[in-house]
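Each chain is listed here by its residues.
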Amino acid sequence: MSLQTDLLILLPELSLAVGAMALLLIGAIGGEKTEPVVTWLAVCILLLAGIGTVMGPEGTAFHGAFVADRFSRFAKVMILVGAALSILLADEFFVTEKNSRFEMPVLMLLATLGMMLMVSAKSFLALYMGLELQSLALYVLAAFSRDNLRSSEAGLKYFVLGALSSGMLLYGISLIYGFTGSTQFTSIADVTMIGGASLGVVFGIVFLIAGLAFKVSAVPFHMWTPDVYEGAPTPVTAFFATAAKVAAMCLFLRAILSPFPDLLAQWRQIIVFISVLSMALGAIAAIGQTNIKRLMAYSSIGHMGYALLGLAAGTAMGARGVLIYLAIYVFTNLGVFACIQAMKRGGKAVENIYDLAGLARTDLRFATLFSVLFLSLAGLPPLAGFFAKFYVFLAAIQAGLIVPAVLGVLASAIGLVYYLRLVKVMFFDDAAAPFDGQLAPASRAIIWASVAATLLFIVGASPVITAADAAARALLP
Amino acid sequence: MFEAIAFWFFAFLLIACATMVIAARNPVHSVLFLILAFFNAAGLFVLLGAEFLAMILIVVYVGAVAVLFLFVVMMLDIDFAELKRGALQYLPFGALIGLILVAELAMAGSAWVLGPATMAAKAYATPQGITNTAALGHILYTDYVYYFQIAGLVLLVAMIGAIVLTLRSRPGVRRQVISVQNARTAAMAVEMINIKPGEGA
């Protein structure tokens, strides 16, 4: 295959990389006052990359390092949407904080590039390079409010634990490479199909799963999540909870299903274990939280548990369930974080859930929008969140995972408690002082779009499900 | 024969130096032993036919990293002897963990069975009739250009990150302005004063 066709397949990523470097130059030459221009150009670049992803050709490039297929296309669209809206939120946030710097959108573009390379990786080497590009940018983003102690702490914690998880991931990859003789997913699949599971490969898979579980914050590798979510600036947390989570989860799907389809019996028990633990911890530990960003961190741990249940099914149905779950999770979470960012009193951000007390009396519309999003996260039937869980549980039950699915339903019933408590605080508690007046335009647009998508998923779901189905079939033919 | 002697020589010195790195009382000695350890590891790489790795180890680790360590150790006023005082009391626990790890590695190693497909897919260190460095050069910018470019981007992110998190403009700090420096002429900087003998300036 010639270099031209390779580059054509890589075009969206190339435009993102070149665009990020061009924006860096604009910022470096023009100084801090270019920040709004850089932000809007960054959103335009993400839009272009999105068009390129959807219209671009499919195929593998660079000797099987990179693959553009339906699966990567579905994942990349979610990542790009999450990234573009997070950049808009970040612009609003840092302008009001008077800390806006042009490096923010540039770093977000480079992190997005890393995510796109991750979900398109077809060999362990490409997987690791993309992951490291993404992680390194995310560490810096977490510590971006460098004069804020919490933010610096979040960045440092994320960096140390992320480095540890990368070490475990690399150890697993090296074991897999040593026992199968290749880093290519297809070659590894061939070797394990003939040779079965040697002890070394199983060792490698365990370490690989441990490293990946760190990245998706699944129990027992979740400890960093609450601190990082709480400490990082709110739009960065939104970026972590949407684009980064989707990328890590899609990477998880591909790195397990693509090279090890024949070792289902070996890895399924591990995935079921971390999935059930994540669901349980996400539901129970969130009950005692009073900081809303910490609460969202535990909520995301729980949601990753549900998504992992779809992976544990190990079928195309399961992968489809995970992808639908992630799509719904992304647009609901973007709305929730836009709402959290709008929680301001006297120009200062407030994060305690009791700051929401009696919100319905001071701002009924905001309280209603917020509640709809929380009820969707809880998984109440007519809302989108219900269908997310429905498709995952359906796949799990069809794959014979009855007990984990029942435990999942129980966990989501427990999880309902803290989501409903938030709604109760907003609607039935004594009113606290009102929040600062009007929502900023981008936040308002994101919240309305998110709520509309949550409410209308029941009627407009079929294109999403069709696309997710095609994506899952590209992964597991 | 000579190869075997060289292997044992390098391997023994490597382990001895590595032990001295953690055992030496003076931190500067520790870093110097670390440099010697790097040299011995480079020797082992040469014996394996990986001379490029050997050179990189010396250029990067000895030339840059270890010298940087040396600077840091000399500049920071850390009492390393104080830090190491408690090391002995953790020795039994550390040794226990080390033993468990060795046992696990032995178990994994004894179960090492290579299937025929694995052997077929195995990559050789160096193609026949070509040196290791030339072989790496052939593939680094061709087959592996994708990885190479991503590595470049990772370094770019590291650079941006370091600047974003540490660079700040403090008031009252005098900075070098090259244009002002260059525009300065002798007439602006030097003044001739005719001082009479015995009066002083």
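The coordinates are above.
(A) Layout of the overall build of chain B. For chain B, the helix and strand inventory stands at 10 helices and 0 strands. In chain B, the succession of α and β elements from N to C terminus is α-α-α-α-α-α-α-α-α-α. Counting the 201 residues in chain B, one finds 18% classified as buried. Long-range pairs, those at least 24 residues apart, make up 57% of the contacts in chain B between residues at least 6 apart in sequence. Put simply, chain B shows about 15,400 Å² of open surface, and 72% of that area lies on carbon and sulfur atoms.

(B) The arrangement of the side chain of Ser450(A) in detail. Residue and element names in this part refer to chain A. For Ser 450, the position within the fold is in helix α19 (residues 441-460). Residue Ser 450 is classed as buried on the basis of its relative accessible area, which comes to 3%. With residues near it in sequence (within four places) discarded, Ser 450 still touches Phe 331, Thr 332, Gly 335 and Leu 373.

(C) Quick look at unusual backbone geometry. Residues and elements named next belong to chain A. Each neighbour pair has its own omega, and for Val 219 with Pro 220 the value is 5°, a cis peptide bond. Along the chain, the position of Pro 220 falls in the loop between α9 (199-216) and α10 (224-231). Although it is not a glycine, His 63 adopts a positive phi angle of roughly 55°. With respect to the helices, strands and loops of the structure, His 63 is situated in the loop between β1 (59-61) and β2 (66-68).

(D) Quick look at the packing of helix α16 (residues 364-378) of chain A against helix α17 (residues 384-398) of chain A. All names here are of chain A. For the pair α16 and α17, interaxial distance at closest approach is 6 Å and the crossing angle is 10°. One element, α16, and the other, α17, form an angle in the roughly parallel class. Within the contact between the two elements, α16 uses Ser 376, Leu 377 and Ala 378 and α17 uses Ala 384, Gly 385, Phe 386 and Lys 389. Residues belonging to the contact of α16 with α17 are distributed by class as follows: 4 nonpolar, 2 polar and 1 charged.

(E) Structural detail: the interface of chain B and chain A. At the junction of the two partners, chain B supplies 31 residues and chain A supplies 36 residues. Between chain B and chain A, roughly 2,900 Å² of surface is buried when both sides are summed, and carbon and sulfur atoms account for 77% of that area. Of all residues in chain B, the largest losses of buried area upon contact with chain A belong to Tyr146(B), Tyr147(B) and Val164(B), amounting jointly to 24% of the total for that side. Here chain B and chain A share 0 salt bridges between them.

(F) Spotlight on helix α8 (residues 145-166) of chain B. For α8(B), built from 22 residues, the straight-helix expectation of 32 Å at 1.5 Å per residue is met to within 8% by its first-to-last C-alpha distance of 32 Å. Of the residues making up α8(B), those classed as buried are Val145(B), Tyr146(B), Tyr147(B), Ile150(B), Leu153(B), Val154(B), Leu156(B), Val157(B), Ile160(B), Gly161(B) and Val164(B). Of the surrounding secondary structure, the elements contacted by the buried residues of α8(B) are α2 (11-30), β2, α5 (103-119) and α6 (124-142) of chain A together with α7 (132-140) of chain B.

(G) Structural detail: the packing of aromatic side chains. All names here are of chain A. The final tally for this structure, using the stated rule, is 28 aromatic pairs over all chains. With 4.8 Å between their ring centres and 80° between their planes, Tyr 171 and Phe 207 make a pair best called edge-to-face. Within this pair, whereas Tyr 171 is found in helix α7 (residues 149-180), its partner Phe 207 is found in helix α9, the two being separated by 36 residues in sequence. Put simply, the rings of Phe 366, Phe 370, Phe 374, Tyr 418, Tyr 419 and Phe 435 touch in pairs and so form one group of aromatic residues. Here Arg 101 stacks its cationic end above the ring of Phe 144, 4.6 Å away from the centre of that ring. Taking the ring centre of Tyr 306 as reference, the NZ or CZ of Lys 389 above it sits at 4.7 Å.

(H) View of the pattern of salt bridges. Residues and elements named next belong to chain A. Across all of its chains, the model carries 14 salt bridges over all chains by this definition. Here Glu 13 ties to Lys 76 by a salt bridge, and the two come within 2.6 Å at their closest N and O atoms. Of the two residues, Glu 13 is situated in helix α2 and Lys 76 in helix α4 (residues 70-96); the sequence distance between them amounts to 63 residues. Judged on exposure class, the residue Glu 13 and its partner Lys 76 are both buried. Residue Arg 294 pairs with Asp 227 through a salt bridge whose shortest N-O separation is 3.0 Å. Taken as a pair, Arg 294 in helix α13 (residues 292-313) and Asp 227 in helix α10 lie far apart in primary sequence, 67 residues in all. Within this structure, Arg 150, Glu 153, Lys 157, Asp 227, Glu 230 and Arg 294 form a network of salt bridges that share partners.

(I) Region of the structure containing the nonpolar core. Core analysis: the largest hydrophobic core is formed by 202 residues, its most contacted members being Phe124(A), Phe252(A), Phe260(A), Leu356(A), Phe370(A), Phe374(A) and Tyr146(B). Sequence-distant contacts of Phe374(A), that is, excluding residues within four places in its chain, are made with Ile292(A), Met296(A), Val336(A), Tyr419(A), Leu422(A) and Met426(A).

(J) Focus on the packing of α6(A) against helix α11 (residues 234-257) of chain A. Residue and element names in this part refer to chain A. Interaxial distance between α6 and α11 falls to 12 Å at its minimum, and their mutual angle equals 165°. As judged from the angle between their axes, α6 and α11 are roughly antiparallel. Here α6 and α11 pass one another in a crossing that is left-handed. Contact residues: α6 offers Phe 124, Leu 127, Leu 131, Gln 134, Leu 138, Leu 141 and Ala 142, while α11 offers Val 236, Phe 239, Phe 240, Ala 244, Leu 251 and Ala 255. Among the residues making up the contact of α6 with α11, the classes are represented as 12 nonpolar, 1 polar and no charged.

(K) Molecular detail of the environment of Ile271(A). Residues and elements named next belong to chain A. Tracing the sequence through the fold places Ile 271 in helix α12 (residues 264-285). Its relative accessible area of 0% is what places Ile 271 among the buried residues. Separated by 58 residues in the primary sequence, Ile 271 and Ala 213 have C-alpha atoms spaced 9.3 Å apart. When neighbours within four sequence positions are excluded, Ile 271 is seen to be in contact with Ile 209, Phe 252, Leu 308, Leu 311 and Ala 312.

(L) Spatial organisation of the layout of surface pockets. All names here are of chain A. What the second largest pocket holds in volume is close to 430 Å³. Along the walls of the second largest pocket sit 21 residues, with Val 81, Ala 327, Val 330, Phe 331 and Ala 453 positioned nearest its centre. If you list the elements that add at least two residues to the lining of the second largest pocket, you get α4, α14 (316-342) and α19. Residue contributions to the lining of the second largest pocket peak at 10 residues, all from α19. Its residues assigned to classes, the lining of the second largest pocket comprises 19 nonpolar, 2 polar and no charged.

Parameters and conventions
Residues numbered from 1 in each chain as written. Chains lettered and ligands numbered in written order. Predicted model: local features only at pLDDT ≥ 70, side-chain atom pairs only at ≥ 80, totals over all residues. Heavy atoms only, no water. Helix = DSSP H or I, 4+ residues; strand = E, 2+ residues; numbered from the N terminus. Buried < 20%, exposed > 50% of the residue type's maximum accessible area, 1.4 Å probe, protein only. Contact = heavy atoms within 4.5 Å. Areas by Shrake-Rupley, 256 points an atom, 1.4 Å probe, with all protein chains shown as cover. Axes fitted to C-alpha atoms, helices over the stretch in contact; angles between N-to-C directions. Parallel < 35°, antiparallel > 145°, perpendicular 65-115°, else oblique. Nonpolar A, V, L, I, M, F, W, Y, C, P; charged D, E, K, R; others polar. Buried area = accessible area lost by both parts, 1.4 Å probe. Salt bridge = Lys/Arg side-chain N within 4 Å of Asp/Glu carboxyl O. Expected span 1.5 Å × (residues − 1). Phe/Tyr/Trp six-rings, centres within 6.5 Å; stacked < 30°, edge-to-face > 60°. Lys NZ or Arg CZ within 6 Å of the ring centre and 35° of its normal. Core = buried A, V, L, I, M, F, W, Y, C linked by side-chain atoms within 4.5 Å. Left-handed = near helix turned anticlockwise from the far one by under 90°. 1 Å grid on protein atoms, 1.4 Å probe; cavity = no way out; pocket = protein on both sides within 12 Å on 5 of 7 lines; lining within 4 Å. Points joined across faces, edges and corners; volume = space filled by probe spheres on them.

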